[in-house]
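# What the coordinates show
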Amino acid sequence: MSLNNIFAIAGSAMSAQSVRLNTVASNIANVDSVSSSVDQTYRARKPVFAEMFDESMKSHGWNNVNDDGMGAGIGVQIKGIVESDAPLQPRYEPDHPMANETGFVFYPNVNPVEEMADMMSASRSFQTNVEIMNSAKSMMQKVLTLGQS
């Protein structure tokens, strides 16, 4: 695997973790938002990732073939962002300005503890990929200085 491939893979992983961090930030920002109806209540969002494949890598000597016969992974693809189908939290608060006619308000299905764990995981993954890129850069610089002796 070439250093350029390493840069591409780490770069796509950093981009994916940035999307993950943004969805976590959105979820945390809306943890206390309320609505008078189920349809208008904020729902937790999660990014969906998939591995990208490149069949041409096999022809260049990279023989990592998965069970489904596809070539080696070359990065992370962001497939989209989905809303959680976990139940919302209805609370009986008849004095709340957003209460519906029966006195209920609906809180999002955001779990702040889960979101914080997700944030720490995404942050560590991002930092790991930064370190991979820095190591690859350092190796590339050392290769360039080999011919200067």
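Residues numbered from 1 in each chain as written. Predicted model: local features only at pLDDT ≥ 70, side-chain atom pairs only at ≥ 80, totals over all residues. Heavy atoms only, no water.

## A short note on the confidence of the model for the chain
Per-residue pLDDT for the chain averages 86, and the proportion of residues at 70 or more is 85%. Ranking the elements of the chain by mean pLDDT puts helix H2 (residues 56-59) last with 53 and strand E4 (residues 104-107) first with 96. (pLDDT = per-residue confidence, 0-100. Helix = DSSP H or I, 4+ residues; strand = E, 2+ residues; numbered from the N terminus.)

## Topic: the packing of aromatic side chains
For the structure shown, the criterion picks out one aromatic pair. Both rings, one in Tyr92 and one in Phe104, keep their centres 5.5 Å apart while their planes meet at 65°; by these two values the pair is edge-to-face. One end of the pair, Tyr92, is in strand E3 (residues 89-92); the other, Phe104, is in strand E4, and 12 residues separate them in sequence. Taking the relative accessible area as the measure of exposure, Tyr92 reaches 55% and is therefore exposed. Judged by its relative accessible area of 30%, Phe104 is partly exposed. Over the face of the ring belonging to Tyr107 we find Arg91, whose NZ or CZ atom lies 3.8 Å from the ring centre. (Phe/Tyr/Trp six-rings, centres within 6.5 Å; stacked < 30°, edge-to-face > 60°. Buried < 20%, exposed > 50% of the residue type's maximum accessible area, 1.4 Å probe, protein only. Lys NZ or Arg CZ within 6 Å of the ring centre and 35° of its normal.)

## So, the pattern of salt bridges
Going through the model one piece at a time under the given rule, you end up with five salt bridges. Its salt-bridge partner being Glu83, residue Arg45 comes within 3.3 Å of it at the nearest N-O pair. On the criterion of sequence distance, the pair formed by Arg45 in strand E1 (residues 45-53) and Glu83 in strand E2 (residues 73-83) is long-range, its members being 38 residues apart. With relative accessibility at 26%, the residue Arg45 sits in the partly exposed group. Among the salt bridges present, the one from Glu114 reaches Lys46, with a minimum N-O distance of 3.4 Å. In this pair, Glu114 sits in helix H3 (residues 112-146) while Lys46 sits in strand E1, placing the two residues 68 residues apart along the sequence. Since its relative accessible area comes to 21%, Lys46 is described here as partly exposed. It is possible to trace a salt-bridge network through shared partners that takes in Arg20, Lys46, Glu114, Glu115 and Asp118. (Salt bridge = Lys/Arg side-chain N within 4 Å of Asp/Glu carboxyl O.)

## What about helix H1 (residues 3-29)?
Its 27 residues give H1 an end-to-end C-alpha distance of 38 Å, which sits within 8% of 39 Å, the value for a rise of 1.5 Å per residue. Among all positions in H1, only Ala10, Ser12, Ala13, Met14, Ala16, Gln17, Arg20, Thr23, Val24 and Asn27 are buried. (Expected span 1.5 Å × (residues − 1).)

## A look at the environment of Phe104
For the pair Phe104 and Arg91, spaced 13 residues apart in the sequence, the C-alpha separation amounts to 5.4 Å. Not counting residues up to four positions away in its chain, the partners in contact with Phe104 are Pro90, Arg91, Tyr92, Met98 and Ala99. (Contact = heavy atoms within 4.5 Å.)

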